[in-house]
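Examining the three-dimensional arrangement
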Amino acid sequence: MTDLVHDQPMTVFLVRHGETPRHAENRYAGRADVPLNDHGHAQAAALGEWAVNAGLTAIASSTLTRARDTAEPAARKTGLQMVVDDRLVELDFGAGDGLTAAEMRQRFPREWAAFEADPYANPLPGGEPPADACARGRAAFDDLSSGRFGDRVLVVAHGTFLRIVLCDLLGVPPCHYRRAFPVIRNATGAVLRHNRAGHWGLVAWNPPLVAGADTW
């Protein structure tokens, strides 16, 4: 890893892991260590081909298998060592883990209604408070932007976690994370720029990260 010149902007590629069997069925996948399905592995391979010419200086991943397996082809193709960080893991959805929205609406209708009204203030029963996930995520991103990881970093994590942290980085009230960023696709997410004044900006949302695509 190289030291980042302090007045040089940094580009961070935020990527949600590839598809899993739960995501194909629209089931919540929090801390459960769900593996990628065949489509997810193909998405990871495509991300690895994109990484070849992306000029990456570091790759970071959540500790969960679906994120590490999404990041692995990029690490292998670039020769970069993957930094595995448990601060990048998905929220714990408690009683909602493994369920669809319809199943949660049936099993705990009052709690689901509160969650839909304000998911930041009302975590699912037994779930992690989103403010806690935001705090650990912000700490991880502060480290990533410290200069120790170079100026082009790929981060592979999880959908809800990334949307909450994105709101925090961009100055959007985190309670609006589902409205501000309603869809974050598997094996893509966002391109961010961190400037010399310490400000974060959104460069692209859900861009194609495949061979021949823009590398910003």
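Summary of the structure given here. (Residues numbered from 1 in each chain as written. Predicted model: local features only at pLDDT ≥ 70, side-chain atom pairs only at ≥ 80, totals over all residues. Heavy atoms only, no water.)

Now for the overall build of the protein. Each helix and strand in the protein was counted, giving 8 helices and 6 strands. Listing every helix and strand of the protein by position from the N terminus yields β-α-α-β-α-β-α-α-α-β-α-α-β-β. Its C-alpha radius of gyration of 17 Å places the protein within 12% of the 17 Å reference for a compact globule of 216 residues. Expressed along its principal axes, the backbone C-alpha trace of the protein runs to roughly 50 × 40 × 25 Å. Taking all 216 residues of the protein together, the buried fraction comes to 50%. Restricting the contact set of the protein to residue pairs at least 6 apart, pairs at least 24 apart contribute 68%. Of the roughly 9400 Å² of accessible surface on the protein, 50% is carried by carbon and sulfur atoms. (Helix = DSSP H or I, 4+ residues; strand = E, 2+ residues; numbered from the N terminus. Rg over C-alpha atoms; globule rule 2.2 N^0.38 Å. Buried < 20%, exposed > 50% of the residue type's maximum accessible area, 1.4 Å probe, protein only. Contact = heavy atoms within 4.5 Å. Areas by Shrake-Rupley, 256 points an atom, 1.4 Å probe, with all protein chains shown as cover.)

The subject of this paragraph is the pairing of strand 6 (residues 200-205). For a regular strand, side chains alternate in direction, first toward one face of the sheet and then toward the other. Relative to strand 6, strand 5 (residues 189-194) runs antiparallel, the two being bridged by 5 bridges. Paired with Ala190 across the two strands is Trp205, which belongs to strand 6. Between strand 5 and strand 6, which pair antiparallel one after the other, the connecting turn spans 5 residues, and Gly198 there sits at a positive phi close to 90°. (Pairing = 2+ DSSP bridges.)

What follows is about empty space enclosed by the protein. One pass over the full model with this rule turns up 1 cavity of 30 Å³ or more. Quantified by volume, the largest cavity comes out at close to 60 Å³. Of the residues that constitute the lining of the largest cavity, the class distribution is 8 nonpolar, 2 polar and 2 charged. (1 Å grid on protein atoms, 1.4 Å probe; cavity = no way out; pocket = protein on both sides within 12 Å on 5 of 7 lines; lining within 4 Å. Points joined across faces, edges and corners; volume = space filled by probe spheres on them. Nonpolar A, V, L, I, M, F, W, Y, C, P; charged D, E, K, R; others polar.)

What follows concerns the side chain of Ser145. With respect to the helices and strands, Ser145 occurs in the loop between helix 6 (130-144) and strand 4 (152-157). Judged by its relative accessible area of 14%, Ser145 is buried. At 3.3 Å, the side chain of Ser145 and the backbone oxygen of Asp142 are in polar contact. Once residues within four sequence positions are removed from consideration, Ser145 is found in contact with Met10, His194 and Trp200. (Polar contact = N/O pair within 3.5 Å; in protein donor to acceptor, adjacent residues only side chain to side chain.)

A positive phi angle is found at Asn26, which is not glycine, with a value near 60°. Its place among the elements puts Asn26 in the loop between helix 1 (21-24) and helix 2 (38-51). The exposure class of Asn26 is exposed, given its relative accessible area of 61%. The phi dihedral of Trp216 falls on the positive side, at around 55°, and the residue is not glycine. Considering the arrangement of structural elements, one finds Trp216 in the segment after strand 6. When its relative accessible area of 28% is taken as the criterion, Trp216 is described as partly exposed.

This brings us to the layout of surface pockets. Of the voids in this model, the largest pocket is the one considered here, and its volume is about 490 Å³. Lining the largest pocket are 22 residues, and of these Arg16, His23, Tyr28, Thr160 and Arg163 sit closest to its centre. Those elements that provide at least two residues to the lining of the largest pocket are helix 7 (159-170) and helix 8 (177-180). If one sorts the elements of the lining of the largest pocket by residue count, helix 7 sits on top with 3 residues. Residue classes in the lining of the largest pocket are distributed as 9 nonpolar, 7 polar and 6 charged.

Further remarks concern the sheet that holds strand 4. Sheet strands line up and pair through hydrogen bonds in the backbone, either parallel or antiparallel. With respect to topology, 6 strands assemble into an open sheet ordered 3-2-4-1-5-6, the strand pairing being mixed. The outermost strands of the open sheet, each flanked by one partner alone, are strand 3 (82-84) and strand 6. Within this sheet the neighbouring strands show an average axis-to-axis angle of 25°, counted without direction. Where strand 1 (residues 10-16) and strand 5 come together, 6 bridges link them in antiparallel fashion. What sits directly across from Phe13, in strand 5, is Val191. Running over the sheet, helix 3 (residues 65-78) touches strand 2 (58-61), strand 3 and strand 4 and is turned about 165° from strand 2. (Axes fitted to C-alpha atoms, helices over the stretch in contact; angles between N-to-C directions.)

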